[in-house]
Amino acid sequence: MVQIGFMTFASRFQSEAEEELQKSLHAKAITDGVNRLSTTVYDIFTTYGGEAALQMADDNDPTYLTMRRNLDRELADLKRICAGEEALTESANKLEANVARSIKVLKELKKHHDRTGDAGRGERKAMWHELRNYIKDLLFNDIASMADKQKNLAEKSPQIQSDMRKKLQQIMLIGAGLNLIVTLLIAIYITRQITGRLARVSDNAYRLASNVSLNPPLRGKDEIAELDRTFHQMAQDLAAANQAREDIIAMITHDLRTPLTTLKNILAFLSTGKYGTLDEAGLQYLATANNNINKMTTLVNDLLDSEKLKAGKAELDIRQVELDDSFEMVLSMVSGVAQAADVTIEIPPTDLIVRADAESLDRVLLNLVSNAVKYSPRGEKVSVTAERRGESALIKVSDHGPGIAKEDLPFVFERFQQAGKKGREDREAETRTGGSSGLGLTIAKALVEMQGGEIWVENEFGAGASFYFTLPI
């Protein structure tokens, strides 16, 4: 709109400048016509304005005839140029009338001369005086006045045009500057509107990740508002899905724990022999059933713990923990399984003290060492070491098992993923240790990160794996 307004104003100003130029050209044309007419009138009356030449002022005289034709043509041209302008047309008509009156007096002088000859010279003095007054009035008043006015107009016009061009340039510069300012303001306004709305959508993404209520939906029918509405709908569907998942897990774990506990108690009573003595095969069946119940109980407990950690509902008691104490606890818990698997556990002593939750640290170490024993061939060893790295303690658990395939490495800490590909000995070790829920590494990762540490794995497929994690000193 600003551009259209300035273009309209500039066009109008340009039209005025063009009109002024046309006036200048028109004034120049009139001035030229008046000058030609003045020259022709002067030539006629200087050539035939005396007694000696009066007898030649005849229509049969070629010179006189040519001058008269030129005079008529100049008058006609002047009237044509002045057409359309009342004042100029009136001046041209008056000029034509005075020229006609002067020519009429000249013709009367010619007739009188032809009739009386030199004898009537005295009578013609008054007529000559009248003609000279007409010529004087014609040349110095009518023609000169008209020529001076148009000359002044033509001379002033270039200055007027120059002033108008300067004003036009100033207007264009001002218009360009104002247009730039308005454009920038509009661009800033639109950009802020867009970035502000996008920031609102981005903030909703952070709120969704932080489990905080979202901002109200954006109004409007533009793409950003549509995106925000879709995001809100997605957040609602996700919340509903999470709630449904939590309800299902809670229901399953609750409904499983009760019958598992009952079955375990029944198996314990049966193993006492109070309800009859079982032979060796029966006792073996009881042991198998008890192992399967333990597996199910471990799975249920790990599933519940995983959900608590994922929801951020786990509570940790962060305090000073001596790593040697945690290492001794893990060694006591796993030594029996390690002996049965013919695997040696090496844990050099350390004086490092970390800031951690003792129970969570024990659980992480137990999970990693148990996995290392599980995937170690007979006769091999598992090493657990600790060293200081800056302001953190770096704990390393290494085995000499089959390792982890390269394509499986990115998924090691995901839920329900096994730490490696198992062969015959691995399956036997799993049976000895009571199986795996596939959630141990997921829980370990969550616990380490909640205590301000990091956890990762390095390995050479076929030559063993090393799990590392850090905790603040």
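The structure presented is a predicted model; accordingly, all values stated were derived computationally and were not measured. (Residues numbered from 1 in each chain as written. Predicted model: local features only at pLDDT ≥ 70, side-chain atom pairs only at ≥ 80, totals over all residues. Heavy atoms only, no water.)

Looking only at helices and strands, the protein has 11 helices and seven strands in total. Per-residue burial over the protein gives 34% buried out of 473 residues. A sequence separation of at least 24 residues applies to 72% of the contacts in the protein between residues at least 6 apart. Entry remark: accessible area of the protein is about 28,500 Å², with carbon and sulfur atoms responsible for 55%. (Helix = DSSP H or I, 4+ residues; strand = E, 2+ residues; numbered from the N terminus. Buried < 20%, exposed > 50% of the residue type's maximum accessible area, 1.4 Å probe, protein only. Contact = heavy atoms within 4.5 Å. Areas by Shrake-Rupley, 256 points an atom, 1.4 Å probe, with all protein chains shown as cover.)

It is worth spelling out the side chain of Thr470 at this point. The topology assignment puts Thr470 in strand β7 (residues 465–472). Excluding anything up to four places from it in sequence, Thr470 contacts Ser392, Ala393, Leu394, Val448, Gly453, Glu454 and Trp456.

Glancing now at helix α8 (residues 323–340). Here α8 spans 26 Å end to end across 18 residues, near enough to the 26 Å set by a 1.5 Å rise per residue. If you check which residues of α8 are buried, you get Leu323, Ser326, Phe327, Val330, Val334 and Ala338. Just past α8, the residue Asp342 takes up positive phi, approximately 55 degrees. (Expected span 1.5 Å × (residues − 1).)

As a further point, take the pattern of salt bridges. Under the definition given, this model contains nine salt bridges. The salt bridge involving Asp222 is made with Arg197; its shortest N-O contact spans 2.6 Å. Remark: Arg197 occurs in helix α5 (residues 121–209) and Asp222 occurs in the loop between α5 and α6 (223–272); sequence separation between them is 25 residues. Residue classification places Arg197 among the buried positions, given a relative accessible area of 19%. Notably, a salt bridge pairs Arg389 with Glu387, separated by 3.3 Å at the nearest N-O pair. Taking the relative accessible area as the measure of exposure, Glu387 reaches 39% and is therefore partly exposed. (Salt bridge = Lys/Arg side-chain N within 4 Å of Asp/Glu carboxyl O.)

Spatially, the five strands line up as an open sheet ordered β2-β4-β5-β7-β6, and their pairing is mixed. Edge positions in the sheet fall to β2 (344–346) and β6 (455–459), since each of these pairs with one other strand and no more. Geometrically, the sheet is characterised by an average inter-axis angle of 15 degrees between neighbouring strands, direction not taken into account. Pairing between β2 and strand β4 (residues 381–389): three bridges, direction parallel. In the sheet register, Ile345 faces β4, and the bridge partner there is Val382. (Pairing = 2+ DSSP bridges. Axes fitted to C-alpha atoms, helices over the stretch in contact; angles between N-to-C directions.)

In this structure, Leu323, Val354, Leu361, Val369, Val373, Phe467 and Phe469 are the most contacted members of the largest nonpolar core, which totals 42 residues. Residue assignment for this core shows that the elements contributing at least two residues are α8, β3 (353–357), α9 (358–374), β4, β5 (392–398), α11 (440–450), β6 and β7. With eight residues, α9 is the single largest residue contributor to this core. Those residues within four positions of Phe469 in sequence are excluded, and the remaining contacts are Leu361, Val364, Leu365, Leu368, Ala393, Leu394, Ile395, Val448, Glu454 and Ile455. (Core = buried A, V, L, I, M, F, W, Y, C linked by side-chain atoms within 4.5 Å.)

Low-confidence regions, as indicated by low pLDDT, have predicted coordinates that should not be scrutinised in detail. Averaged over every residue, the pLDDT of the protein is 79; residues scoring 70 or more account for 84%. Long-range and interchain partners of residues 419–435, a stretch whose pLDDT sits below 50, account for 31 contacts in this model, where long-range means more than four residues apart. (pLDDT = per-residue confidence, 0-100.)

Moving on, we get to the packing of α8 against α9. It is the contact of α8 with α9, at a shortest axis distance of 9 Å, that shows an interaxial angle of 35 degrees. Where α8 crosses over α9, the two elements pack in a sense that is right-handed. Side by side, α8 and α9 meet where Leu323, Ser326, Phe327, Met329, Val330, Met333, Val334, Val337 and Ala338 of the first sit next to Leu361, Asp362, Leu365, Leu366, Val369, Ser370 and Val373 of the second. Taken together, the residues of the contact of α8 with α9 sort by class into 13 nonpolar, two polar and one charged. (Left-handed = near helix turned anticlockwise from the far one by under 90°. Nonpolar A, V, L, I, M, F, W, Y, C, P; charged D, E, K, R; others polar.)

A separate point is the environment of Thr66. By the secondary structure assignment, Thr66 is in helix α3 (residues 62–82). Considered as a pair, Thr66 and Ile44 are 22 residues apart in the sequence and their alpha carbons are 10.0 Å apart.

As a further point, take α11. Among the residues of α11, those classed as buried are Gly440, Leu441, Thr442, Ile443, Ala444, Leu447 and Val448. Gly452 sits one or two residues past α11 and shows a positive phi near 85 degrees.

Let's shift gears to the packing of aromatic side chains. Each aromatic ring pair is summarised here by two numbers: the centre-to-centre distance and the angle between the ring planes. Throughout the structure, instances matching the rule amount to two aromatic pairs. On the basis of an interplanar angle of 85 degrees and a centroid distance of 6.1 Å, the ring pair of Phe413 and Phe467 is categorised as edge-to-face. Taken together, the residues span a long stretch of sequence, with Phe413 in the loop between β5 and α10 (424–433) and Phe467 in strand β7 at a distance of 54 residues. With a centroid separation of 5.5 Å and an interplanar angle of 10 degrees, the aromatic rings of Trp456 and Tyr468 are classed as stacked. Of this pair, Trp456 sits in strand β6 while Tyr468 sits in strand β7, and the two are 12 residues apart along the sequence. (Phe/Tyr/Trp six-rings, centres within 6.5 Å; stacked < 30°, edge-to-face > 60°.)

All right, on to the environment of Leu278 then. With respect to the helices and strands, Leu278 occurs in the loop between α6 and α7 (280–311). Dropping the residues within four chain positions of it, Leu278 is found in contact with Leu270, Leu283 and Leu286.

Now for the packing of α3 against helix α4 (residues 86–116). One way to put it is that α3 packs onto α4 with a least axis distance of 8 Å and a crossing angle of 165 degrees. The pairing of α3 with α4 is recorded here as roughly antiparallel in orientation. Judged by the sense of rotation from one axis to the other, the crossing of α3 with α4 is left-handed. The segment α3 lies against α4, with Tyr64, Arg68, Leu71, Leu75, Leu78, Lys79 and Cys82 engaging Leu88, Thr89, Ala92, Asn93, Leu95, Glu96, Val99, Ile103, Leu106 and Lys107. (Parallel < 35°, antiparallel > 145°, perpendicular 65-115°, else oblique.)

The buried count for β5 comes to five of seven residues, which makes it a mostly enclosed element. Where β4 hands over to β5, the hairpin turn is made up of two residues, of which Gly390 adopts a positive phi near 65 degrees. Here β5 pairs with β7 via seven bridges, running antiparallel. Bridging across to β7, Ser398 finds its partner in Ser466.

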